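Read off the chains here:
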Amino acid sequence: MHDWMIVGAGFAGSVLAERLASQRDETVLVIDKRDHIGGNAYDYTDAAGILVHRYGPHIFHTNAAAIVDYLSQFTAWRPYEHRVLAQVDGKLLPIPINLDTVNRLYNLDLDPEGMEAFLAARREKVEDIQTSEDVVVSTVGRDLYEKFFQGYTRKQWGLDPSELSRIVTARIPTRTNRDDRYFTDTFQQMPADGYTAMFARMLDHPNITVELGRTWDESSDRPLARRIIFTGPIDEYFQQCFGPLPYRSLRFVHETRDVEWAQPVGTVNFPQTEDYTRITEFKHLTGQVHPKTSLVYEYPTAEGDPYYPIPRPENQALYKLYRKQAESLSDVWFVGRLGSYQYLNMDQVVGQALATFDRINATRVPTAFVPAAE
Ligand code: FAD
Ligand code: UDP
């Protein structure tokens, strides 16, 4: 019998496997239904020899030095600041909206104060900011909202921004300066050899066994380990007993072109046209030098792998029912973006996994504890 079985070899599962194996000297069986480690951050070299991310662009950014220190045990880093252009009214304009976005869109020559006054005249007063529409119209007004946010959000989520919690569009700031970086975190670097290489180093420990292409099966798997960490969808663990939690999915279409560069920045967003939301060109992210270039197009879908929890109050209420059920299990931990039904970035998942490890350490296993299957 293993001390632990961890379902999912993404950030949540790999961090916990590494900590339990190396810090508590416990045995860990990690399973994943996919044929690779790394979860959604998985990268690989494609047929052309270019490093690409199978599940869409993954850019590492954080303000937490402790998380960088932790991951730095398993990877070196390469600086990368992500930049995104949105194709709006036939122009390629910086997103997040900044001074250049407004000047070029409206053929103006505003300075930061002028932009502040421009926005102040257009902002809508919203007493209680609840939705993703509220956030944007109360910051930049309706025209910029419709051009940059409404169409993209409807496409990405299959919902109008007025139907989504504020946290979704609140991810995107507005700037009156000319900073055109997508993120402003203090640490913005990519794993130097890619994510998969980093995960392989995390999982390379004599106490860790990894079995890929294996889906969790409660009746046959539960007896194999004293305790379980589940990083798949929490509703799936409980056989959707309260009804399915909604997720949004994507179809990724990868393409290699016989040109050195296809677009000026890492990602181009399409809020007004096309069925896909964005195109990402990987060499911008990885710094790889190659005569060809590989891109990924993201097509949002209702069906498919669960990539995004959908932040809206009714879904949060349903999640709480599962959460309550989870709290009644003393030997099963639910972690990660799907295990905790939260729209988390990679660094936040690492932080959550490290905090879970601390909680595990603080939990005294009762001496009379006998696993059900023994
Ligand atoms: P996952 O990576 O989803 O890992 C869970 C694993 O569990 C999966 O491998 C799955 O196969 C496995 N699993 C599930 N159910 C079962 C089962 N029943 N049996 C066996 N195995 C199972 N974050 C950033 O910080 N920066 C970015 O730029 C960024 N870009 C993103 C772009 C896209 C398109 C998406 C979808 C996400 C992006 N993220 C980004 C978020 C990032 O992917 C997540 O924060 C992180 O990968 C979550 O790790 P996790 O371990 O919680 O989940
Ligand atoms: N968004 C938008 N237009 C854009 C970029 C983002 O409307 O050009 C909205 C959209 O709702 C999106 C959310 O902001 O889902 C968060 O964007 P982010 O780039 O953080 O999404 P992710 O990379 O997580 O898919």
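Now for a quick tour of the structure. These figures come from a predicted structure and were not determined experimentally. Counting of residues starts from 1 at the beginning of each chain's written sequence and follows it residue by residue. Following the order in which they are written, the chains are lettered starting with A and the ligands numbered starting with 1. Given that this is a predicted model, residues contribute local features only at a pLDDT of at least 70 and side-chain atom pairs are listed and counted only at 80 or more, while totals for whole chains, interfaces and linings are drawn from all residues. Only hydrogens and water are set aside; all other atoms, that is, all heavy atoms of the structure, feed into the side-chain values.

## Observations regarding the sheet that holds strand E9 (residues 187-191)
Link 1 in the chain: When DSSP finds at least two bridges between two strands, those strands are taken to pair. Note on conventions: DSSP H or I runs of at least 4 residues are helices, E runs of at least 2 residues are strands, and numbering of each starts at the N terminus. Overall, antiparallel pairing links the three strands, which are arranged E5-E9-E6 in an open sheet. The sheet is open, and its two edges are formed by strand E5 (61-62) and strand E6 (77-79), each paired on a single side.
Link 2 in the chain: When E6 meets E9, the two strands line up antiparallel, connected through three bridges. By the bridge assignment, Trp77 is partnered in E9 with Pro191.

## Side note on the nonpolar core
Link 1 in the chain: What we call a nonpolar core is a set of buried Ala, Val, Leu, Ile, Met, Phe, Trp, Tyr and Cys residues that are connected through their side-chain atoms within 4.5 Å. Categorising residues by exposure relies on relative accessible area from a 1.4 Å probe, with only protein chains included: less than 20% of the type maximum marks a residue as buried, more than 50% marks it as exposed, and the intermediate range marks it as partly exposed. Of all hydrophobic cores here, the largest spans 102 residues; its most connected members are Phe11, Val28, Leu71, Phe148, Tyr195 and Ile229.
Link 2 in the chain: Only heavy atoms matter for contacts: two residues are in contact if any of them lie within 4.5 Å across the pair. Ignoring any residue separated from it by four or fewer positions in sequence, one finds Val28 in contact with His2, Trp4, Ile6, Ala17, Leu20, Ala21, Asn207, Ile208 and Thr209.
Link 3 in the chain: Within the second largest apolar cluster, nine residues are counted, among which are Val268, Phe270, Tyr276 and Ile279.

## Looking at the packing of helix H1 (residues 11-23) against helix H13 (residues 346-362)
Link 1 in the chain: Helix axes are fitted only over the stretch in contact, all axes being lines through C-alpha atoms; the angle between N-to-C directions runs from 0 to 180 degrees. It is the contact of H1 with H13, at a shortest axis distance of 9 Å, that shows an interaxial angle of 35°. As for the relative orientation of H1 and H13, their crossing is right-handed in sense. Taken together, the residues of H13 that come into contact with H1 (itself represented by Phe11, Ala12, Val15, Leu16, Arg19, Leu20 and Gln23) are Met346, Val349, Val350, Ala353, Leu354, Thr356, Phe357 and Ile360.
Link 2 in the chain: Under this grouping Gly is polar, as are all residues other than the nonpolar Ala, Val, Leu, Ile, Met, Phe, Trp, Tyr, Cys and Pro and the charged Asp, Glu, Lys and Arg. Of the residues contributing to the contact of H1 with H13, the split by class is 12 nonpolar, two polar and one charged. Note on convention: the crossing is left-handed when the near helix lies turned anticlockwise from the far helix by less than a right angle, right-handed when the turn is clockwise.

## Some thoughts on the environment of Ala48
Link 1 in the chain: Locating Ala48 in the fold gives a position in the loop between strand E3 (43-45) and strand E4 (51-53).
Link 2 in the chain: Ala48 sits in the partly exposed class, given a relative accessible area of 25%.
Link 3 in the chain: In sequence terms Ala48 and Lys292 are 244 residues apart; their C-alpha atoms lie 7.6 Å from each other.

## Topic: the site of ligand 2
Link 1 in the chain: Around ligand 2 sit 15 residues in total, of which Thr153, Arg171, Tyr182, Tyr308 and Tyr343 are the nearest.
Link 2 in the chain: Here a polar contact means two N or O atoms within 3.5 Å. Within protein one must be a hydrogen donor candidate and the other an acceptor candidate, and residues neighboring in sequence count only if both atoms are side-chain atoms. Within the side chain of Asn269, an N or O atom sits 2.9 Å from an oxygen atom of ligand 2.
Link 3 in the chain: Note that an oxygen atom of ligand 2 is positioned 2.5 Å from one of the side-chain N or O atoms of Tyr343.
Link 4 in the chain: Isolated, ligand 2 exposes 520 Å² of accessible area, and the fraction of that covered by the protein chains is 94%.
Link 5 in the chain: With six residues, the single largest contributor to the shell around ligand 2 is helix H6 (residues 142-157).
Link 6 in the chain: Residues that form the shell around ligand 2 fall into these classes: 10 nonpolar, three polar and two charged. Near, as used in this document, describes a residue that has one of its heavy atoms within 4 Å of the molecule or strand being considered. With residues, only the protein chains shown are counted as cover, and all accessible areas are computed by Shrake-Rupley using a 1.4 Å probe.

## Quick word on the packing of aromatic side chains
Link 1 in the chain: We call Phe, Tyr and Trp rings a pair once their centres come within 6.5 Å, taking the six-membered ring for Trp, and we label the pair stacked below 30 degrees between planes, edge-to-face above 60, and tilted otherwise. Scanning all chains against the criterion turns up 30 aromatic pairs.
Link 2 in the chain: Between Phe60 and Phe187 the ring centres are 6.1 Å apart and the planes differ by 80°, which places this aromatic pair in the edge-to-face class. Separated by 127 residues along the polypeptide, Phe60 in the loop between E4 and E5 and Phe187 in strand E9 bring together distant segments of the chain.
Link 3 in the chain: Arranged with centres 5.5 Å apart and planes meeting at 65°, the rings of Tyr70 and Phe74 form a pair that is edge-to-face. Of the two residues examined, Tyr70 and Phe74, each falls in the buried class.
Link 4 in the chain: Three or more aromatic residues link up through ring pairs in this structure, and these residues are Trp216, Phe230, Tyr237, Phe238, Phe242, Tyr322 and Phe334.
Link 5 in the chain: As a reminder, the over-ring test applies to NZ of lysine and CZ of arginine, requiring each to be within 6 Å of the ring centre and within 35 degrees of the ring normal. The ring of Phe118 carries the charged tip of Arg122 above its face, separated from the ring centre by 3.6 Å.

## As for the pairing of strand E12 (residues 247-257)
Put simply, side chains in a regular strand alternate between the two faces of the sheet.
Link 1 in the chain: In this structure, E12 lies alongside strand E16 (residues 308-309), joined through two bridges in antiparallel fashion. Opposite Tyr247, over in E16, you have Pro309 as the bridge partner.
Link 2 in the chain: Across nine bridges, the pairing between E12 and strand E15 (residues 293-301) is antiparallel. The partner of Phe252 across the bridge, within E15, is Glu298.

## What about the pattern of salt bridges?
Link 1 in the chain: For salt bridges, the criterion is a side-chain nitrogen of Lys or Arg within 4 Å of an Asp or Glu carboxyl oxygen. Across all of its chains, the model carries 23 salt bridges by this definition.
Link 2 in the chain: Salt-bridge contacts for Arg123 lead to Glu116; the nearest nitrogen and oxygen are separated by 3.3 Å.
Link 3 in the chain: What makes Arg123 partly exposed here is its relative accessible area of 32%.
Link 4 in the chain: A salt bridge links Arg154 to Asp160; its shortest N-O distance comes to 2.8 Å.
Link 5 in the chain: Since its relative accessible area comes to 45%, Arg154 is described here as partly exposed.
Link 6 in the chain: Connected through shared salt-bridge partners, Glu81, Arg83, Asp179, Asp180 and Arg181 make up one network.

## Notes on the site of ligand 1
Link 1 in the chain: Near ligand 1 you find 34 residues, and of these Asp32, His58, Ile59, Glu236 and Met346 are the closest.
Link 2 in the chain: When ligand 1 is considered free in solution it has 1,000 Å² of accessible area, and contact with the protein chains removes 96% of it.
Link 3 in the chain: Elements represented by at least two residues in the shell around ligand 1 include exactly H1, E12, helix H12 (336-339) and H13.
Link 4 in the chain: Of the residues contributing to the shell around ligand 1, the split by class is 16 nonpolar, 10 polar and eight charged.

## Things to note about the sheet that holds strand E17 (residues 332-334)
By definition, the strands of a sheet pair up through backbone hydrogen bonds, in either a parallel or an antiparallel sense.
Link 1 in the chain: With parallel pairing, five strands are arranged side by side in an open sheet as E10-E2-E1-E11-E17. Strand pairing shows two members of the sheet lacking a second neighbour, strand E10 (208-212) and E17, which therefore form its edges. Neighbour-to-neighbour, the strand axes of the sheet open up by a mean angle of 20°, direction not taken into account.
Link 2 in the chain: Note: strand E1 (residues 2-7) against strand E2 (residues 28-32), four bridges, orientation parallel. When the bridges of E2 are listed, Met5 appears paired with Leu29.

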